Amino acid sequence: MPKRLEASTHLPDTLAAIVGGANVLVDPAELAPFLTDWRGRYQGRARALVRPGNTEEVAAVVRACLSARIPIVPQGGNTGLCGGATPDESGDAVMLQLRRMNRARALDLENNVLIAEAGCTLLEAQAAARNAGRLFPLSLASEGSCQIGGNLATNAGGVRALRYGVMRDLTLGVEAILPDGKIWSGLHTLRKNNAGYDLSNLLIGSEGTLGIFTAAALKLYPLPQKTMTCWLGLASPEAAIVLLDKVQAAFDSRLVAFEMICPLAGELMRRHFPELSLPLDAPWSVLCELSDCSHASDLTAAETLFAECLAAGELSGAALSRSLREQEAFWRRRECISEAQKQEGDSIKHDIALPISRVAEFLRRIKPLLNERFPGIRHTAYGHLGDGNLHFNLSMPDAAENERLLDNEALVNRIVYDCVDELGGSISAEHGIGQLKREMLCRYKSAAALSAMRIVKTALDPRGIMNPGKVLPQDIELSPLSPGHSPASGRGEQCPLLEI
Ligand code: FAD
Ligand code: MLT
Ligand code: ZN
């Protein structure tokens, strides 16, 4: 943590002079909603929350915090799932909220680019594009609250990444405040730009540890003219992967989303959202979306394909949307899964990436490993199968047993992530690292990568004011792994906090 100077005692006054007194919150009751994360897992404290109204104000706030050596914690819509936007318990930090910066600065239809400020919600950015007859395709269940700044900082993925890519792929350039308080304007509308290091791409996914996003140049796409959304019933994840291969072969880039939903996720949906009846009764489900930008396109070939799969016993049921209303209703079911799990109680969440070919193998291998240590453990496995991205969440049906499981989170994580690592996967597919996984990063990222990350962090933010304690552990000396303690990949470094 940076050593604080005496000047910091007057920081709220300095900040108020920059952004106006009404935009500096210090009252504990007003601060309270910003001090805990969406899951209610982390609870922090802060000396103030500051709400700048433009880029220059953000830069001035960063300079004021830098000279007082006060840590800054950026927060967007506070929907992040790794605690990245929650300050620590010291109460030292200033929180930075850009919701006042919510303008679509420019819509350049010739170049298919939207310049949106970081405080726009994702829904607002989508609407600005749609009103101009274009598509901004990033789509998450949290889109009504999450903000473009948070989407950039987490490199968000979501349900349509299969066709359009993740936030990084959807961004041509950014405007950001660097940790020294300089405004860096990398906003451009170029599709190719190899002039030196790509700072935008370095900042995207850095979770507020390397700079503050104030705006982004976002790629727009033609609006789909035809869309078909299908809810498909299957026997197993293996069957879902066979189906994915078939649908991809038949529809290629017209396949937009391919989401898998496990039996327990279906059960939780039914329990907590009984008004949303499921389209089919099947052990496993796939929600698949096809779309095309040509009016002339014919997606009915999908009906033939699914009929053949039904006849061959590869599908146990198929419901195809007949209207926009039905499409939206299918998606509402998929989008309520996180909330249904939250209502069910605490669980140990994993957002993992695997080679698609090994997703089913992961599920086959991991279940007995976990059941052996925690008999009766419940697995929720669902998510973006088309990207090899599973949300694999664990809990116990009984409250007391669930507490015991939560107490053993480090062991559970070790079992899950070692298996992911052995299969060539990643411990974070789309949610980031935040404070949830920072110690685990030491184990599963190579020593070379960790040391390069530290060098970058120290070079850009030598005083460590940008979201300290997120992504990289603050005080852990990195040293080579002890023998017999290495993940299968041979990657990683020893991390004392991970010893179990
Ligand atoms: P916050 O939670 O406020 O912050 C997240 C991180 O970004 C923090 O480290 C914060 O410090 C940093 N940050 C925020 N704003 C800035 C800024 N302007 N400059 C620099 N750093 C900043 N994620 C997916 O990828 N795919 C999904 O499908 C998905 N579904 C979700 C569904 C639900 C119901 C929920 C609750 C979350 C879901 N998420 C998903 C996670 C979350 O919505 C995303 O990570 C989102 O991008 C976070 O945006 P936010 O504005 O809420 O950021
Ligand atoms: C989703 O895809 O629904 C979110 O990323 C999931 C989550 O809550 O883990
Ligand atoms: Zn997801």
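Heads up: the structure comes first, above all this text.
Residues numbered from 1 in each chain as written. Chains lettered and ligands numbered in written order. Predicted model: local features only at pLDDT ≥ 70, side-chain atom pairs only at ≥ 80, totals over all residues. Heavy atoms only, no water.

Student: Would you take a moment to explain the overall build of the chain for this structure?
Tutor: Regarding its fold elements, the chain presents 17 helices and 20 strands. For a compact globule of 500 residues, the expected C-alpha radius of gyration is about 23 Å, and the chain comes in at 23 Å, within 12% of that figure. In terms of overall dimensions, the chain has C-alpha extents of about 75 × 60 × 45 Å along its principal axes. Across the 500 residues of the chain, 56% fall into the buried class. Across the chain, the fraction of contacts at a sequence separation of at least 24, relative to all contacts at a separation of at least 6, is 73%. Accessible area for the chain stands at about 20700 Å²; split by element, carbon and sulfur atoms hold 51% of it. One way to put it: in the chain the 51 positive side-chain charges average out to a point 3 Å from where the 58 negative ones average out. (Helix = DSSP H or I, 4+ residues; strand = E, 2+ residues; numbered from the N terminus. Rg over C-alpha atoms; globule rule 2.2 N^0.38 Å. Buried < 20%, exposed > 50% of the residue type's maximum accessible area, 1.4 Å probe, protein only. Contact = heavy atoms within 4.5 Å. Areas by Shrake-Rupley, 256 points an atom, 1.4 Å probe, with all protein chains shown as cover. Lys, Arg positive; Asp, Glu negative; His and termini not counted. Charge placed at Lys NZ, Arg CZ, Asp CG, Glu CD.)

Student: Mind showing me how you'd approach the coordination of the zinc ion (ligand 3) here?
Tutor: The expected angle between donors at a tetrahedral four-coordinate metal is 109.5 degrees. At an octahedral six-coordinate metal it is 90 or 180 degrees. Surrounding the zinc ion (ligand 3) are the protein donor atoms His384 (NE2), His391 (NE2) and Glu430 (OE), which sit 1.9 to 2.1 Å from the metal. Mapping the donors of the zinc ion (ligand 3) onto the primary sequence yields the spacing H-x6-H-x38-E. Of this pair, histidine 391 sits in strand S18 (residues 389-395) while glutamate 430 sits in the loop between helix H15 (409-422) and helix H16 (438-444), placing them 39 residues apart in sequence. Accessibility classification places histidine 391 together with glutamate 430 in one group, the buried group. (Donors = N, O, S within 2.8 Å, 3.2 Å for Na, K, Ca; no water.)

Student: Please clarify how the site of ligand 2 should be interpreted in this entry.
Tutor: Inspection of the region around ligand 2 gives Leu81, Arg334, Ser338, Lys349, Tyr382, His384, His391, Glu430 and His431 as its neighbouring residues. Within the side chain of arginine 334, a nitrogen or oxygen atom sits 2.7 Å from an oxygen atom of ligand 2. Coverage of ligand 2 by the protein chains reaches 88% of its 270 Å² of free accessible surface. Split by residue class, the shell around ligand 2 holds two nonpolar, four polar and three charged. (Near = heavy atom within 4 Å. Polar contact = N/O pair within 3.5 Å; in protein donor to acceptor, adjacent residues only side chain to side chain. Nonpolar A, V, L, I, M, F, W, Y, C, P; charged D, E, K, R; others polar.)

Student: Quick question: what am I supposed to make of the side chain of histidine 384 here?
Tutor: Tracing the chain through its elements places histidine 384 in strand S17 (residues 378-384). When its relative accessible area of 4% is taken as the criterion, histidine 384 is described as buried. Residues within four places of histidine 384 in sequence aside, it is in contact with Gly158, Val159, Phe258, Glu259, Arg334, Asn389, His391 and Glu430.

Student: Honestly, the packing of helix H1 (residues 11-19) against helix H3 (residues 55-68) in this entry has me stumped. Any pointers?
Tutor: Angle between the axes and distance between the axes are the two parameters that describe a pair of packed helices. Following both chains from N to C, one finds H1 and H3 inclined at 165°, their axes separated by 9 Å at the closest point. Here H3 runs roughly antiparallel to H1, going by the angle between their axes. As H1 runs across H3, the sense of the crossing is right-handed. Contacts between H1 and H3 involve Leu11, Thr14, Leu15, Ile18 and Val19 on the former and, on the latter, Glu57, Ala60, Val61, Ala64, Cys65 and Ala68. Here the contact of H1 with H3 is built from residues that sort into nine nonpolar, one polar and one charged. (Axes fitted to C-alpha atoms, helices over the stretch in contact; angles between N-to-C directions. Parallel < 35°, antiparallel > 145°, perpendicular 65-115°, else oblique. Left-handed = near helix turned anticlockwise from the far one by under 90°.)

Student: So what exactly am I meant to see when it comes to helix H13 (residues 359-373) here?
Tutor: What sets the pattern is the α-helix's 3.6 residues per turn: residues three or four places apart point alike. Across its 15 residues, H13 extends 22 Å between first and last C-alpha, which sits within 8% of the 21 Å expected from 1.5 Å per residue. All of the buried residues along H13 are Val359, Ala360, Phe362, Leu363, Ile366 and Leu370. (Expected span 1.5 Å × (residues − 1).)

Student: Explain the pairing of strand S10 (residues 212-219) to me, please; I cannot follow it from the model alone.
Tutor: Each regular strand carries side chains that alternate between the two faces of the sheet. Burial within S10 is extensive, with eight of its eight residues counted as buried. With five bridges joining them, strand S6 (residues 113-117) and S10 adopt antiparallel strand pairing. When the bridges of S10 are listed, alanine 116 appears paired with alanine 216. Strand direction decides the pairing type here: strand S8 (residues 171-177) and S10, joined by six bridges, are antiparallel. Following the sheet pairing, valine 174 is matched in S10 by alanine 216. (Pairing = 2+ DSSP bridges.)

Student: What is the right way to look at the sheet that holds strand S16 (residues 351-353) in this model?
Tutor: One key point about sheets: their strands pair by backbone hydrogen bonds, in either a parallel or an antiparallel sense. Read from one edge to the other, the open sheet built from seven strands follows the order S15-S12-S14-S13-S17-S18-S16, with strand pairing classed as antiparallel. In the strand order of this sheet, the two ends are held by strand S15 (317-320) and S16, each with one partner. Here the strands of the sheet are splayed against their neighbours by 20° on average, with no regard to which way each runs. The pairing of strand S12 (residues 226-234) with strand S14 (residues 284-292) spans nine bridges and is classified as antiparallel. Residue pairing for S14: lysine 226 is matched across the bridge by aspartate 292. Against the sheet, H13 makes contact with strand S13 (255-261), S14, S16, S17 and S18, and its axis sits at roughly 15° relative to S18, the strand it touches most.

Student: Looking at this structure, I do not really get the nonpolar core. What am I missing?
Tutor: As a rule of thumb, nonpolar side chains are buried together in soluble globular proteins. Judged by nonpolar contacts, the single largest core of 81 residues is most densely connected at Val247, Phe306, Phe362, Phe392 and Val416. Not counting chain neighbours up to four residues away, the residues in contact with phenylalanine 362 comprise Ile352, Leu354, Leu390, Phe392, Val416, Cys419, Val420 and Leu423. Formed by 56 residues, the second largest nonpolar core is a distinct cluster that contains Leu114, Ala116, Leu140 and Ala156. (Core = buried A, V, L, I, M, F, W, Y, C linked by side-chain atoms within 4.5 Å.)

Student: Before we go on, may I ask you to explain the sheet that holds S6 in this structure?
Tutor: The strand order S5-S6-S10-S8-S9 describes an open sheet built from five strands, whose pairing is antiparallel. In this open sheet, the two strands that pair with only one neighbour each are strand S5 (104-108) and strand S9 (183-185). Each strand of the sheet is rotated relative to its neighbour by a mean of 10°, with strand direction disregarded. When S5 meets S6, the two strands line up antiparallel, connected through four bridges. Looking at the pairing, leucine 107 lines up with leucine 114 of S6. Across the sheet, H3 is in contact with S5, S8, S9 and S10; its angle to S8 comes to roughly 50°.

Student: Please explain the environment of tryptophan 231 as it appears in this structure.
Tutor: You can see tryptophan 231 is positioned in strand S12. Judged by relative accessible area, which is 0%, tryptophan 231 ranks as buried. For tryptophan 231 and aspartate 461, which are 230 residues apart along the polypeptide, the C-alpha to C-alpha distance reads 48 Å. Engagement of the side chain of tryptophan 231 in a polar contact is seen with the side chain of serine 285, the distance being 3.2 Å.

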